[in-house]
Amino acid sequence: FARAWRRILDPSGAGCVTLPQLAERCRELGFRGSVKGLWQALDRDEKGVITLSDVDFWTALVLGKFRARLVARAGLEDLVFSALHSDSDADMAAAAMLQCLDYDGTGRVQRVEFVRTVALLNLAPDVDLANLFEMLCRTTASTAVVTEEELKWLWTTGWRLGPGVASAVEEDRQNRKEEEER
């Protein structure tokens, strides 16, 4: 569902969608149901925006855990906790994350390289590897690759994954820290 979120619901990459934006997307798609009813079903906590976690919690959770592990591997934790997040931060973070994944130095990571590298670096459970690549790529073509663009999206949307995802990611981080200390 991440690809549909990125391409259809949140093409700007803001990480959240407002009611007017959802109404516009529904019109574009020819949705004939109640947009207000759809909104109420998705914005259960009435925060005025919906995020990927409101639409597909599992996908947001997989992406959130992967993002946290990749951020740690790329040495970006200080940037995560800084007060301001600019486009230049996102560009720098995406470049650092790509460097972790791009073993052959081409600036693009194909499926086989992605799965092997993510498994080798223990950035995601084996069960999530193939799905994770699909979640990050904007296209379904056999030539799909992960580039700085996809990782910038992951960096940027990570701030909007939702409190349930954030607490699960923090729990995963604590568990990994305890494992490393043993």
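In what follows, the structure referred to is the one given above.
Residues numbered from 1 in each chain as written. Predicted model: local features only at pLDDT ≥ 70, side-chain atom pairs only at ≥ 80, totals over all residues. Heavy atoms only, no water.

(A) Main features of a negative patch on the surface. On the surface, a cluster of negative charge is made up of Glu178, Glu179, Glu180 and Glu181. Mapped onto the elements of the fold, Glu178 is located in helix 11 (residues 163-181). (Patch = residues over 30% accessible without salt bridge, like charges linked within 9 Å, V, L, I, M, F, W, Y side chains within 5 Å. Areas by Shrake-Rupley, 256 points an atom, 1.4 Å probe, with all protein chains shown as cover. Salt bridge = Lys/Arg side-chain N within 4 Å of Asp/Glu carboxyl O. Lys, Arg positive; Asp, Glu negative; His and termini not counted. Charge placed at Lys NZ, Arg CZ, Asp CG, Glu CD. Helix = DSSP H or I, 4+ residues; strand = E, 2+ residues; numbered from the N terminus.)

(B) Up close: the side chain of Thr117. Structurally, the position occupied by Thr117 is in helix 8 (residues 111-120). For Thr117, a relative accessible area of 4% translates into the label buried. In contact with Thr117, not counting residues within four places along its chain, are Cys100, Leu101 and Tyr103. (Buried < 20%, exposed > 50% of the residue type's maximum accessible area, 1.4 Å probe, protein only. Contact = heavy atoms within 4.5 Å.)

(C) Spotlight on the packing of aromatic side chains. Counted by the stated rule, this structure contains two aromatic pairs. Seen from their ring centres, Phe66 and Phe114 are 5.9 Å apart, and the 55° between their planes marks the pair as tilted. Residue Phe66 is found in helix 5 (residues 57-73), and its partner Phe114 is found in helix 8; the two are separated by 48 residues along the sequence. A residue is classified by how much of its surface remains accessible, and Phe66, at 1% relative accessible area, is buried. Residue class for Phe114 comes out buried when judged on its relative accessible area of 0%. If you follow Arg67 out to its NZ or CZ, it ends over the ring of Trp155, 5.0 Å from the centre. (Phe/Tyr/Trp six-rings, centres within 6.5 Å; stacked < 30°, edge-to-face > 60°. Lys NZ or Arg CZ within 6 Å of the ring centre and 35° of its normal.)

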